[in-house]
Amino acid sequence: MQTLIHNIGLLAGILPPEKRRLMGDEMAHIETIRDAWLLIEDGLIADFGPRESLPHSFSADGGDTVRTANGNLLRLIDAQGGLLMPCFCDPHTHIVYAGSREQEFVDKIHGLSYEEIAKRGGGILNSADLLHQQSEDELFAQAMTRIREIRSKGTGCVEIKSGYGLNVEDELKMLRVIRRIKTSTDLTVRATFLGAHAVGRAYRGRQADYVDLVIREMIPAVAREQLADFIDVFCDEGFFTPEETARMLAAGAEHGLRPKIHAEELAPSGGVGVAVAYNALSVDHLERLADTSVGLLKHADTMPTLLPGTSFFLNMPYAPARRLISEGIGIALASDYNPGSTPSGDMKFIISLACIKMRLTPEEAINAATINAACSMGISDTHGSIARGKRACLQLLDAPSLAFLPYAYTSNLVREMFL
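Now for a quick tour of the structure.

Each value, and the rule that gives it
- All residue numbers refer to positions counted from 1 along the written sequence of the respective chain.
- Only residues with pLDDT of 70 or above have their local features reported here, since the model is predicted, and side-chain atom pairs are shown and tallied only from 80 upward, although totals for entire chains, interfaces and linings are computed over all residues.
- With hydrogens and water excluded, all non-hydrogen atoms of the structure serve as input to the side-chain values.
- Numbering goes from the N terminus for both helices and strands, where a helix is a DSSP run of H or I of at least four residues and a strand is a run of E of at least two.
- Identification of polar contacts relies on pairs of N or O atoms within 3.5 Å, with a donor-acceptor requirement for protein atoms, meaning one able to donate a hydrogen and the other able to accept it, and with residues adjacent in sequence counted only if both atoms are side-chain atoms.
- Patches draw on residues past 30% relative accessible area with no salt bridge. Two like charges within 9 Å are joined, as are two nonpolar side chains (Val, Leu, Ile, Met, Phe, Trp, Tyr) within 5 Å.
- With residues, only the protein chains shown are counted as cover, and all accessible areas are computed by Shrake-Rupley using a 1.4 Å probe.
- We count a salt bridge whenever a side-chain nitrogen from Lys or Arg sits within 4 Å of a carboxyl oxygen from Asp or Glu.
- For every residue, the accessible area (1.4 Å probe, protein chains only) is compared with the maximum for its type, and the residue is labelled buried under 20%, exposed over 50%, or partly exposed between those bounds.
- In this text, buried Ala, Val, Leu, Ile, Met, Phe, Trp, Tyr and Cys residues form a nonpolar core when linked through side-chain atoms within 4.5 Å.
- Note on definitions: angles span 0 to 180 degrees between N-to-C directions of axes, and those axes are lines fitted to C-alpha atoms, for helices only across the stretch in contact.
- By definition in this entry, angles of less than 35 degrees are roughly parallel, angles greater than 145 are roughly antiparallel, angles of 65 to 115 are roughly perpendicular, and the rest are oblique.
- Should the near helix be turned counterclockwise from the far one by less than a right angle, the crossing is left-handed, whereas a clockwise turn marks it as right-handed.
- Residues count as neighbours in contact if any of their non-hydrogen atoms are within 4.5 Å of one another.
- Under the convention adopted here, Pro, Cys and the residues Ala, Val, Leu, Ile, Met, Phe, Trp and Tyr are nonpolar, Asp, Glu, Lys and Arg are charged, and Gly plus all remaining residues are polar.
- Expected helix span is taken as 1.5 Å per residue step, with the number of steps being one fewer than the number of residues.
- Note: two strands are recorded as paired if DSSP finds a minimum of 2 bridges between them.
- Aromatic pairing here means that ring centres of Phe, Tyr or Trp (its six-membered ring) are within 6.5 Å. Orientation follows from the plane angle: under 30 degrees is stacked, over 60 is edge-to-face, and everything else is tilted.
- Only when the NZ of Lys or the CZ of Arg is both within 6 Å of the ring centre and within 35 degrees of the ring normal is a charge said to sit over the ring.

1. Side note on the side chain of E364
So, point 1. Its place among the elements puts E364 in helix α13 (residues 362-369).
So, point 2. At 2.8 Å, the side chain of E364 forms a polar contact with the side chain of R322.

Following this line, the structure appears as C-alpha cells:
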C-alpha cells in the first residue's frame, strides 16, 4: 500500500539524496515547501511537491483509503496544515541502564562536581553496580519505557551505548539488550560498545590491565556475537589516555567496529587528535575543546557531536558550537540520555538549548539534530532528510514554523510518527 500525506502546511528538511552532511554556513538553510504533499511507498519517500503538482492519479478526497487509477490501494492522511519533517536522530545515548542516580543530583546541588562524585565511587561505577544486579529482561523492560518516551517526542533513530557493565559478562548483557531493542521497536537503532567508559571496580589501580581486558577479551567477544556497530572510548582527564584510547580503537577496527569517541568534556585531553587519526565517525562532548583541536576537525570526516543537555544538567560550559560553524565545520546534536549527567532524551529540548545557550539559529539546530545527527550515526544515506528514495522516517508536528520548535521548548508538538 502507498501512503499519501496531503494538506501539509510546511514540508521541511528537503535535500538532494546524495547530500550526507552539512558544513559551516550550509547549516543555516532548510529547504521547505508550503502547502505540500508527500507519497510513501514500501517504506520509502517516493515523491513530494507542492499541492498543484499532485498527480491526477491520486485523489485526496473520498475517505481514508482509496484506489488509484492503476488499482493500487492508497492510504490518505490529512496533515491539516501541520509541519512534516524528518524525525530527530539521536546519535549519543546510554539508555540501557538500571535504576536512577538522583542522590548524585542532590550532591551536585550541594557543590560536588562530576569528577568529585566519580572519585568517590559514584557516577559510572554506581550505574555499573546497579546494572550487575539486573537481568536482561529487567534491563530490557526499563529501556523500552525510555524508547517509547523518546519516540513520543519525535526521535526516530537512536544510537545506544553499553558502558555500564565494565566486565565481559555485563557488557555483553547490555549489548544483547540493545540487540533485542532493535527487533522490538520501529525506531532505527545502532549499537556501540563502550567497555572503556571507566575502569571497572575489580581493576581499580590497574588501569593498564583493564585496557588489556577490553582489547583481548571484550572486543573479540562482542565481535563474535556481532553485537555492536561501533566502538567508543571515554578519552578524558581521569579516564583513558590518548595512547590507551588509540590502542582500543585500533583493536576495535580490526574486528570491524568503526570508532566513536568521548573527548574533551572535562579537560583538553587530546582526544580529538586520536579521533581524527583513527577516522572516528564522531567525536562527542567537546565542552572543553582545545583551540588546537578545532583545526583538526576542518577537513576530517569525523563529526563533532555536541551534547548541550549535559552542560545544562551539570552546570558546565557549553561546547563552542558557533566557533565550529564559523570555521566551516558541521556539527551534530545528541541528548546523551543517561542516569547521571543527562536523564532526558528530549531532542526538541536539545534543539532549544542549542539555540538559547549555544546561539544557534533554529535552522542550524534542526539540521544538527537531523541530517548531521544521522551522519554521526552513519545512516545519512538513508535518514535525516526529505529526499526521494530515503526511508520515510518522519514526524508530523503541530507547529506553524520551524522556529516554533525551539521557541515552544517544553511543548510536545508531535501529532504522528511515520517510521
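2. Quick notes on a nonpolar patch on the surface
So, point 1. A surface patch of nonpolar side chains, about 260 Å² in accessible area, is lined by F105, V106 and I109.
So, point 2. Locating I109 in the fold gives a position in helix α1 (residues 102-109).
So, point 3. Residue I109 is classed as exposed on the basis of its relative accessible area, which comes to 58%.

3. Let's talk about the nonpolar core
So, point 1. Formed by 60 residues in total, the largest nonpolar core has its most connected members in V96, I147, I160, I181, F193, Y210 and F240.
So, point 2. When residues of this core are traced back to their parent elements, those giving at least two are α3 (124-132), α4 (136-152), β8 (155-161), α5 (168-182), β9 (188-196), α6 (207-224), β10 (230-235) and α7 (242-254).
So, point 3. Counting residues per element, this core draws most heavily on α6, which supplies nine residues.
So, point 4. Listed in part, the 46 residues of the second largest apolar core include C235, L289, M347 and L413.

4. With respect to the packing of α4 against α5
Helices that pack against each other are described as a pair by the angle of their axes relative to one another and the distance between those axes.
So, point 1. For the pair α4 and α5, interaxial distance at closest approach is 10 Å and the crossing angle is 50°. With respect to α5, the element α4 is oriented oblique. Regarding α4 and α5, the two cross each other, and that crossing is right-handed. Across the interface between the two elements, E136, D137, L139, F140, A143, M144 and I147 from α4 touch K173, R176, V177, R180 and I181 from α5.
So, point 2. Across the contact of α4 with α5, the residue classes tally to seven nonpolar, no polar and five charged.

5. What to know about α6
So, point 1. Counted at 1.5 Å a residue, the expected span for α6 with its 18 residues is 26 Å, and the 25 Å between its end C-alpha atoms agrees.
So, point 2. If you check which residues of α6 are buried, you get Y210, V211, D212, L213, V214, I215, M218, I219, P220, A221 and V222.

6. A word on the environment of F58
So, point 1. Examined against the element boundaries, F58 turns out to sit in the loop between β3 (44-50) and β4 (65-67).
So, point 2. Spatially, the C-alpha atoms of F58 and H94 are 44 Å apart, while their sequence positions differ by 36 residues.

7. Describing the sheet that holds strand β11 (residues 258-263)
So, point 1. Read across the sheet, eight strands follow the order β7-β8-β9-β10-β11-β12-β13-β14 without closing on themselves; strand pairing throughout is parallel. Of all strands in the sheet, those bounded by a partner on one side alone are β7 (88-93) and β14 (332-333).
So, point 2. When β8 meets β9, the two strands line up parallel, connected through five bridges. Bridge pairing links C157 to T188 in β9.

8. As for the pattern of salt bridges
For side chains of opposite charge, pairing can occur when their charged atoms come near one another.
So, point 1. This model, assessed by the stated rule, comprises 23 salt bridges.
So, point 2. Across the pair E225 and R179 runs a salt bridge, and its minimum N-O distance is 4.0 Å. Of the two residues, E225 is situated in the loop between α6 and β10 and R179 in helix α5; the sequence distance between them amounts to 46 residues.
So, point 3. Judged by its relative accessible area of 36%, R179 is partly exposed.
So, point 4. One salt bridge in this structure joins D209 and R206, with 3.3 Å as the shortest N-O distance.
So, point 5. When salt bridges that share partners are traced, they join E136, R176, R179 and E225 into one network.

9. Observations regarding the packing of aromatic side chains
So, point 1. For the structure on display, the rule yields six aromatic pairs.
So, point 2. Centroid distance F105 to F313: 5.4 Å. Interplanar angle 20°. Geometry classified as stacked. Taken together, the positions of F105 in helix α1 and F313 in helix α10 (residues 308-314) put the pair 208 residues apart, joining distant regions of the chain.
So, point 3. Taking the relative accessible area as the measure of exposure, F313 reaches 24% and is therefore partly exposed.
So, point 4. An angle of 25° between the planes, with centres 6.4 Å apart, marks the rings of Y210 and F240 as stacked. Residue Y210 is located in helix α6, and its partner F240 is located in the loop between β10 and α7; the two are separated by 30 residues in the primary sequence.
So, point 5. Assessed through its relative accessible area of 1%, F240 is described here as buried.
So, point 6. An aromatic cluster of at least three residues, connected via ring pairs, comprises Y203, Y210 and F240.
So, point 7. In this structure, R146 is placed above the aromatic ring of Y97, and the distance from its NZ or CZ to the ring centre is 3.5 Å.

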